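As a plain string of letters, each chain reads:
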Amino acid sequence: MQKGETVAAGTLTGPQGEVLRQTATFTKPQARTMRAAGNRNRGQNWPAGPYNGTATLLHGSTQIGQISLSLTIAPKAFRL
């Protein structure tokens, strides 16, 4: 990562719309890095359905990388 590069991390949409969006800007060069995004679970289950997440690496306004993930949360079918 170069100084000034931006990761638009944590863009996550679900069956009820946008779940979260988070952006981080690097302040110094880094050979490796890890970023995480999330919301506190307040004792509620996430709604069943499809979820899509995307992380984009930008240098200025130029996109230089992107990764996406899709998953589906199944309805609660049983109780432990």
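Residues numbered from 1 in each chain as written. Predicted model: local features only at pLDDT ≥ 70, side-chain atom pairs only at ≥ 80, totals over all residues. Heavy atoms only, no water.

A. Structural detail: the pairing of strand 5 (residues 62-73). Here 11 bridges tie strand 4 (residues 49-59) to strand 5, and the two strands are oriented antiparallel to one another. Looking at strand 5, one finds that Gly49 is bridged to Ile73. Counting the residues in the hairpin turn of strand 4 and strand 5 gives 2 residues, including Gly60, whose phi is positive at 65 degrees. (Pairing = 2+ DSSP bridges. Helix = DSSP H or I, 4+ residues; strand = E, 2+ residues; numbered from the N terminus.)

B. Spatial organisation of the side chain of Thr56. Among the structural elements, Thr56 can be located in strand 4. According to the relative accessible area criterion, Thr56 is buried, its value standing at 12%. In this structure the side chain of Thr56 is engaged in a polar contact, spanning 3.0 Å, whose partner is the side chain of Gln66. (Buried < 20%, exposed > 50% of the residue type's maximum accessible area, 1.4 Å probe, protein only. Polar contact = N/O pair within 3.5 Å; in protein donor to acceptor, adjacent residues only side chain to side chain.)

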